[in-house]
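Structural overview
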Amino acid sequence: MKKENGHLNMLIGDKYRITVLTDRLIRLEYSENGRFEDRASFAVTNRDFFFKDQNTGHEGRNEENAAVTENIQVSDSENLLTIETKYLFLTYDKKEFSSLGLSIRLKDTGIVWNYGDNYTDWSNLGGTARTLDDADGKVNLEKGIFGKNGYACIDDSKTPVFEGEELVNRSEDAVDAYFFGYGRDYYNGLRDFCMLCGRMPMIPRYALGNWWSRYYRYTEDSYMDVVEHFAKEQIPISVAVIDMDWHITEVDPRYGSGWTGYSWNKDLFPDHKRFLKKLHDNKLSVTLNLHPADGIRPFEDMYEDVASAMREKTCGNTGAKNIESGTSGSCVNDVNTAGSTSDSCVNDVNTAGSTSDSSGSEYQNYENGVEFDFGNKTFRDVYFDKVMHPYEEDGVDFWWIDWQQGTGRKPTDVDPLLLLNHYHYMDQEKRNLRPMIFSRYAGIGSHRYPVGFSGDSHATWKSLEFQPFFTSTASNIAYGTWSHDIGGHMLGDKNDDRLIRWIEYGVFSPIMRIHSSCSPFFNKEPWLLDEPYRQIVKKFMRLRHELIPYLYTENHRAYEESKPLVRPMYYDYSEEMGDESYEVRNQYGFGDNLLVCAITSPDDDELRLGSTRALIPAGRWYDIFNGRIYDCDSNRVRKLYRNLSEIPVLLPAGGIVPMARLQDENNCKDSNGCENGEVPGRLLNDTGNPEKLRILVGGGASGSYKLYEDDGITMNFTDGASVETEISVAYDYESCTILFTITPAAGDLSLIPDKRDYEIVFFGVKASGGRIQVGDSETEIAAAISFDRVKTIVTVPATCVSEKVLITLKGVVLLENDYRKLAFEILDRAWIKTMDKELVFNKLNTLPKEHFACWLRTADVSEKLKRAIEEVL
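Residues numbered from 1 in each chain as written. Predicted model: local features only at pLDDT ≥ 70, side-chain atom pairs only at ≥ 80, totals over all residues. Heavy atoms only, no water.

Time to look at the overall build of the protein. Across its full length, the protein carries 17 helices and 49 strands. Considering only residue pairs separated by 6 or more positions, the protein has 69% of its internal contacts joining residues 24 or more positions apart. (Helix = DSSP H or I, 4+ residues; strand = E, 2+ residues; numbered from the N terminus. Contact = heavy atoms within 4.5 Å.)

Shown next, in the form of structure tokens:
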């Protein structure tokens, strides 16, 4: 292959350039003037997949140091170019790209992609979308990097590029596309995509807890009442979201609407620093809503500082760039980046609202304010320095960038959403803060700027039905941190069953943020719900907080291994299950060791149970809520049924899930909520590395898991400031023993507690005895072991994290479902004829299980009842 810039992976002609990035990823460029793009784009930040080893002189993949170029076969004649890799065969006629002249064949399947063939887009498995605003159910998705045909093509031709640190639109009219031919090798495809387009970042640890959000005209006192109510309910929250009413919203009509605002509403929050401190004292991180489109107008508290800083930066002492304000000579508004100069530039601001030009004349220039222009570095620097950073110093942890004003005022503008996301994120990162924003999706490459705000969806079953699929499919473009308005934002109707199902899904989604409109009839505060809804919400919100150690470890896995938290089922099961793995749209992998089956439709009127269609992989699986056992010799797709207080969440045999055990504040007595001056919710809301761990273990197989921890809020982890703890289980069928090991924590131990309590929950097994060894000390297990019908529980008191913990369980028996009890519960709950119940119940108790199963298949009773009972057999 021809060499360019020292690389051997490019084929270059007068008007084309083809770059083999991996044996399954090819860049395709065509330009009539022969000029090609080498700058990073918003989507693609790294094309340097090859390097030359200084010792061997070989060129290879960055991660693997493999000489990939040696496996590339090229045939280059006058009118035909072919390139062959291990997996792909490219044919090109050296003319302008066309469906007849450029094709790529997948060698393992023979399937051919032709350039520009839009009719094959049905094969694309989808990526994600900019927003779910005003959506009642499905929306169209942009493309992802995978297709059922084994390929996808992503167009980067119009994406803005980086000119230094500035994002600018491309000036060339050229084709710049990337062909992904990964077949069903989804994880390698994501790995290479993240090498091309940037890693999935680590988000702050606090973001993985419960967020409270409501579009509501709160005051300092009313918001703190909400915080204290959560504490009294023993429900942890970690992020306090303040929607737009934190700022002044009633403004002089000459300035437009109050949608944009930067000045605290002192009628509602008379001392915002005090308010933010109260939230932090309760271990809450804080985000404020921004609609920045109207800029900094004259009524804002910081307007004069912003105007003065803009004037100083754009005028200086030696002349000035022209400031387009609509008021002759004004320095206050939009900077003309073309750089023209004018002697009428104003050099200082008269605090009465007038300005003086170089001749000494005075005129008003406060009419329009400082226009919002994030493509202007001068404005951007002033914006951060005079507006954002002071509020962050006061206690704002991150910003909810609620941009809804389109993709720019002029066709040549770079999309402001893209600019806001990038520069806000980078502003935090350069200060060694763990960056996080809360904003809408701005196209391929947006996975580098979490968290995603999916917008104002309708409160309907159709919206809930779509969100699990929408979230898992976003993984096909590495967008792994969508945050939805759990429960729906607006419209719809009141339905507490649907709210519960939505919260259950939210707990097993990337971000758990309950949100709603300001309607007085749209209340999601748990204490305002009737029973049993109130207790179910409490159960699931507490569970979300308990899951943080697992979620954070999986967040690190996404960063380190490019494996997103939420994974469509076809990522792991398409080879065995084929099309069926693509059809269980509401089921997904949740990290390495859980499968979640969301229930997104009303309960059946007859069974009074919710249901979901799920793929049960071969092997032994346990539902973490009820211990129900699924033991399959082969993969199966079936309906799963649950009452309102549960959804199916499956743990495999050998699977390990580390969780926190919550600190309860049960001694609250005084008017402030706790005795001895404790702050309500302080311990409950803490998302730090916990002193107490509950570890779920799937009995009946061996496995291991590495718990990852760091400080959760800085970038110090990139320099190795972290801790890993290896947890493993070994099951021996012959000797009926389980060996469970927690190895000494390795790394910077100052980041975690010195000692930890452990509760280990072994699903699906019963043990007759055993021993616990901590360091050199060994004790009988009798006092530390308990059994509750579906699992064995072992407790280990406070133990140094630098010591090894070894638990030996003996006389281990693998349990089976008590199918008669479970079937009776289904019958008892169902609203069907009593005669039918008694018929089934009689056969259940008189026939062996296999005979009963055969009888049930042909019995003259409800088909839905049959399916529900068959699940527990």
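Before going further, it helps to examine the packing of helix α1 (residues 186–197) against helix α11 (residues 570–577). Put simply, α1 and α11 touch, their axes get as near as 9 Å, and they point 145° apart. Every residue of α11 that contacts α1 at Tyr 186, Tyr 187 and Leu 190 is listed here: Tyr 570, Tyr 571, Asp 572 and Ser 574. Classifying every residue of the contact of α1 with α11 gives 5 nonpolar, 1 polar and 1 charged. (Axes fitted to C-alpha atoms, helices over the stretch in contact; angles between N-to-C directions. Nonpolar A, V, L, I, M, F, W, Y, C, P; charged D, E, K, R; others polar.)

Every α-helix carries 3.6 residues per turn, so stepping three or four residues along brings you back to the same face. The end-to-end C-alpha separation of helix α7 (residues 461–473) is 19 Å, in line with the 18 Å expected for 13 residues at 1.5 Å each. Within α7, the axis deviates most sharply at Gln 467, by approximately 30°, and proline Pro 468 lies no more than four positions further along. Burial analysis of α7 places 11 of its 13 residues in the buried class, the great majority of the element. Structurally, α7 contributes buried residues whose contacts are with β26 (482–483), α8 (496–507), β28 (566–568) and β29 (587–590). (Expected span 1.5 Å × (residues − 1). Bend = angle between axes of the 7 residues up to and from the residue. Buried < 20%, exposed > 50% of the residue type's maximum accessible area, 1.4 Å probe, protein only.)

All right, on to the packing of aromatic side chains then. In the structure shown here, the tally under the stated rule is 64 aromatic pairs. Look at Trp 211 and Phe 438: their rings are 5.3 Å apart centre to centre, the planes differ by 70°, and that puts the pair in the edge-to-face class. Here Trp 211 is found in strand β15 (residues 210–212), whereas its partner Phe 438 is found in strand β24 (residues 438–439), with 227 residues between them in sequence. Owing to a relative accessible area of 0%, Phe 438 belongs among the buried residues under this scheme. Seen in terms of ring centroids, Phe 508 and Phe 590 are 5.6 Å apart; in terms of plane orientation they differ by 70°. Their pairing is edge-to-face. Of this pair, Phe 508 sits in the loop between α8 and β27 (512–514) while Phe 590 sits in strand β29, and the two are 82 residues apart along the sequence. Each of the two residues, Phe 508 as well as Phe 590, counts as buried. Taking NZ or CZ as reference, Lys 148 lies 4.8 Å from the ring centre of Tyr 582, over its face. Looking at Arg 205, its charged tip hangs above the ring of Tyr 552, at a distance of 5.0 Å from the centre. (Phe/Tyr/Trp six-rings, centres within 6.5 Å; stacked < 30°, edge-to-face > 60°. Lys NZ or Arg CZ within 6 Å of the ring centre and 35° of its normal.)

As enumerated under the stated definition, the model contains 60 salt bridges in all. Across the salt bridge formed by Arg 620 and Asp 631, the nearest N and O atoms sit 3.2 Å from each other. With a gap of 11 residues between them, Arg 620 in strand β32 (residues 619–623) and Asp 631 in strand β33 (residues 629–632) connect regions that are remote in the sequence. Residue classification places Arg 620 among the buried positions, given a relative accessible area of 11%. Because the salt bridges share partners, they merge into one network encompassing Arg 17, Arg 27, Glu 29, Asp 38, Asp 156, Arg 170 and Asp 176. (Salt bridge = Lys/Arg side-chain N within 4 Å of Asp/Glu carboxyl O.)

Turning our eyes to something else, we now look at the pairing of strand β3 (residues 25–30). With 6 of its 6 residues buried, β3 lies for the most part within the structure. Burial along β3 is two-sided: the face carrying Leu 25, Arg 27 and Glu 29 and the face carrying Ile 26, Leu 28 and Tyr 30 are both buried. Across 6 bridges, the pairing between strand β2 (residues 16–22) and β3 is antiparallel. The residue bridging Thr 22 from the neighbouring strand is Leu 25, located in β3. (Pairing = 2+ DSSP bridges.)

What follows deals with the sheet that holds strand β8 (residues 88–92). Within the open sheet, the 5 strands sit side by side as β6-β7-β8-β9-β10. Their pairing is antiparallel. Sheet topology places β6 (73–76) and β10 (112–114) at the edges, where each strand pairs with a single neighbour. Here the strands of the sheet are splayed against their neighbours by 10° on average, with no regard to which way each runs. Here strand β7 (residues 81–84) runs beside β8; their pairing, made up of 4 bridges, is antiparallel. In the sheet register, Leu 81 faces β8, and the bridge partner there is Tyr 92.

In this section: the sheet that holds β28. Strands pair in a sheet through their backbones, by hydrogen bonds, and they do so in one of two ways: parallel or antiparallel. Strand order in the open sheet made by the 6 strands is β28-β29-β30-β35-β32-β33, with antiparallel pairing throughout. Pairing within the sheet leaves two strands with one partner each, and these edge strands are β28 and β33. Averaged over all adjacent pairs, the angle separating strand axes in this sheet is 30°, with direction ignored.

On to the pairing of strand β45 (residues 777–780), then. Pairing between strand β44 (residues 769–774) and β45: 4 bridges, direction antiparallel. Bridge pairing links Arg 771 to Glu 780 in β45. Counted along the chain from β44 to the antiparallel partner β45, the turn is 2 residues long, and its residue Gly 775 has a positive phi close to 60°.

This brings us to the environment of Ser 238. Here Ser 238 lies in the loop between α2 (220–232) and β16 (239–242). In the structure, Ser 238 is positioned 28 residues away from Asn 210 in sequence and 5.5 Å away in space, judged by C-alpha atoms. Once you skip the residues sitting within four places of it in the chain, Ser 238 turns out to touch Tyr 206, Gly 209, Asn 210, Trp 211, Lys 283, Leu 284, Ser 285, His 545, Asn 685 and Thr 687. A distance of 2.7 Å separates a polar atom in the side chain of Ser 238 from the backbone oxygen of Tyr 206. (Polar contact = N/O pair within 3.5 Å; in protein donor to acceptor, adjacent residues only side chain to side chain.)

Spanning 13 residues, α2 covers 18 Å between terminal C-alpha atoms, matching the ideal 18 Å at 1.5 Å per step. Residues of α2 that are buried include every one of Glu 220, Tyr 223, Met 224, Val 226, Val 227, Phe 230 and Ala 231, and no others. An end-on view of α2 places all buried positions within 150° of arc, on one side of the element. Among the exposed residues of α2, those oriented more than 90 degrees off its buried face are Asp 221 and Lys 232. If you follow the buried residues of α2, they end up packed against β15, β16, α3 (272–281), α9 (533–546) and α13 (682–685). Directly beyond the C-terminal end of α2, a positive phi value near 60° is found at Gln 234. (Arc of directions from axis to C-beta.)

At a closest axis distance of 11 Å, the pairing of helix α14 (residues 819–829) and helix α15 (residues 834–846) adopts a crossing angle of 180°. Judged on the interaxial angle alone, α15 and α14 are roughly antiparallel. Side by side, α14 and α15 meet where Tyr 819, Arg 820, Ala 823, Phe 824, Leu 827 and Asp 828 of the first sit next to Lys 837, Val 840, Phe 841, Leu 844 and Asn 845 of the second. (Parallel < 35°, antiparallel > 145°, perpendicular 65-115°, else oblique.)

Attention shifts here to the confidence of the model for the protein. Residues of the protein with pLDDT of at least 70 account for 88%, and the chain-wide mean is 89. Confidence drops under a pLDDT of 50 for residues 3–7, and excluding neighbours within four residues, the segment shows 12 contacts in the predicted structure. Segment residues 317–364: pLDDT under 50, and 107 contacts once partners within four positions in sequence are set aside and those in other chains are kept. (pLDDT = per-residue confidence, 0-100.)

This part is about the side chain of Thr 260. Within the fold, Thr 260 resides in the loop between β16 and α3. Overall, Thr 260 belongs to the buried group, its relative accessible area being 1%. For Thr 260, the side chain forms a polar contact with the main-chain nitrogen of Asp 294, separated by 3.2 Å. Leave out the neighbours within four places in its chain, and Thr 260 touches His 247, His 291, Pro 292, Ala 293, Asp 294, Gly 295, Arg 297 and Glu 300.

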